[in-house]
Amino acid sequence: MPKCRNCGRDIPLLDRDMCPYCGAKNPLVDFSTMDMTGHIDTLKGEYKLYRTKSRLLAFFLALFLGIFGADHFYRGYSKRGIVVLSVTIVLIGGAGSLLYFLAGSLGAWGYLIPFLADFAVNAALGIRYLVNPQTKDSRGEFMR
């Protein structure tokens, strides 16, 4: 849709004589279309199609390797993946050590309880990947 040269708003092509927003006369005087096929050489260009990410693969990564942030790295969110990995280290290493040493009767369950909690959160995130068709990757593309 063309824009008014005065106010910059989108104008229908039927309003060529006056802008319905600002009232400028002849807002589309310099409006012309350009044939882009003459400017882009599709035969010589090194154009690559972007392959969209898979929601099913993101689900399995979240389910099995989610504690390491693999699903976030796969979707292109590396900072978020590093945060998930750091939280996992602090949660299992820190909270697990506290439970192991403070509640000596728990034994190995001191480490297993934070691990299972982290696993449950990542499994729920993985299910969200499967259920939500609006899930996007870091480039803003919908996942297939």
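Computed from a predicted model, the values in this text were never measured in an experiment.

A. Examining the side chain of His72 more closely. As for its placement among the helices and strands, His72 is situated in helix 2 (residues 70-75). According to the relative accessible area criterion, His72 is buried, its value standing at 6%. Once you skip the residues sitting within four places of it in the chain, His72 turns out to touch Tyr77, Ser78, Arg80, Gly81, Val84, Leu125 and Tyr129.

B. Fine view of the nonpolar core. If you look at the biggest cluster of nonpolar residues, it comprises five residues: Ala58, Ala62, Leu125, Tyr129 and Met143. Counting residues per element, the ones that place at least two in this core are helix 1 (55-65) and helix 4 (109-131). In contact with Tyr129, not counting residues within four places along its chain, are Arg55, Ala58, Phe59, Ala62, Asp71, His72, Arg75 and Thr135.

C. Region of the structure containing the packing of aromatic side chains. Counted under the stated rule, the structure contains two aromatic pairs. Arranged with centres 6.2 Å apart and planes meeting at 5 degrees, the rings of Phe60 and Phe64 form a pair that is stacked. Taken together, the positions of Phe60 and Phe64, both in helix 1 and four residues apart, correspond to about one turn of that helix. By relative accessible area, Phe60 is classed as partly exposed at 38%. What links up through ring pairs into an aromatic cluster is the set Phe59, Phe60 and Phe64. Residue placement shows Lys53 over the ring face of Tyr74; its charged tip is 5.3 Å from the ring centre. The positively charged end of Arg80 is found above the aromatic ring belonging to Tyr77, 4.3 Å away from the centroid.

D. Expanded view of the packing of helix 3 (residues 78-102) against helix 4. At a closest axis distance of 7 Å, the pairing of helix 3 and helix 4 adopts a crossing angle of 145 degrees. Of the two elements, helix 3 crosses helix 4, and the hand of that crossing is right-handed. Taken together, the residues of helix 4 that come into contact with helix 3 (itself represented by Thr88, Leu91, Ile92, Gly93, Ala95, Gly96, Ser97, Leu99 and Tyr100) are Gly110, Tyr111, Pro114, Phe115 and Asp118. Of the residues assigned to the contact of helix 3 with helix 4, the class counts are eight nonpolar, five polar and one charged.

E. Helix 4, seen in detail. Over its 23 residues, helix 4 runs 32 Å from end to end, which matches the ideal 33 Å to within 8%, given 1.5 Å per residue. Each element contacted by the buried residues of helix 4 is listed here: helix 1, helix 2 and helix 3.

What counts, and where the lines are drawn
Residues numbered from 1 in each chain as written. Predicted model: local features only at pLDDT ≥ 70, side-chain atom pairs only at ≥ 80, totals over all residues. Heavy atoms only, no water. Helix = DSSP H or I, 4+ residues; strand = E, 2+ residues; numbered from the N terminus. Buried < 20%, exposed > 50% of the residue type's maximum accessible area, 1.4 Å probe, protein only. Contact = heavy atoms within 4.5 Å. Core = buried A, V, L, I, M, F, W, Y, C linked by side-chain atoms within 4.5 Å. Phe/Tyr/Trp six-rings, centres within 6.5 Å; stacked < 30°, edge-to-face > 60°. Lys NZ or Arg CZ within 6 Å of the ring centre and 35° of its normal. Axes fitted to C-alpha atoms, helices over the stretch in contact; angles between N-to-C directions. Left-handed = near helix turned anticlockwise from the far one by under 90°. Nonpolar A, V, L, I, M, F, W, Y, C, P; charged D, E, K, R; others polar. Expected span 1.5 Å × (residues − 1).

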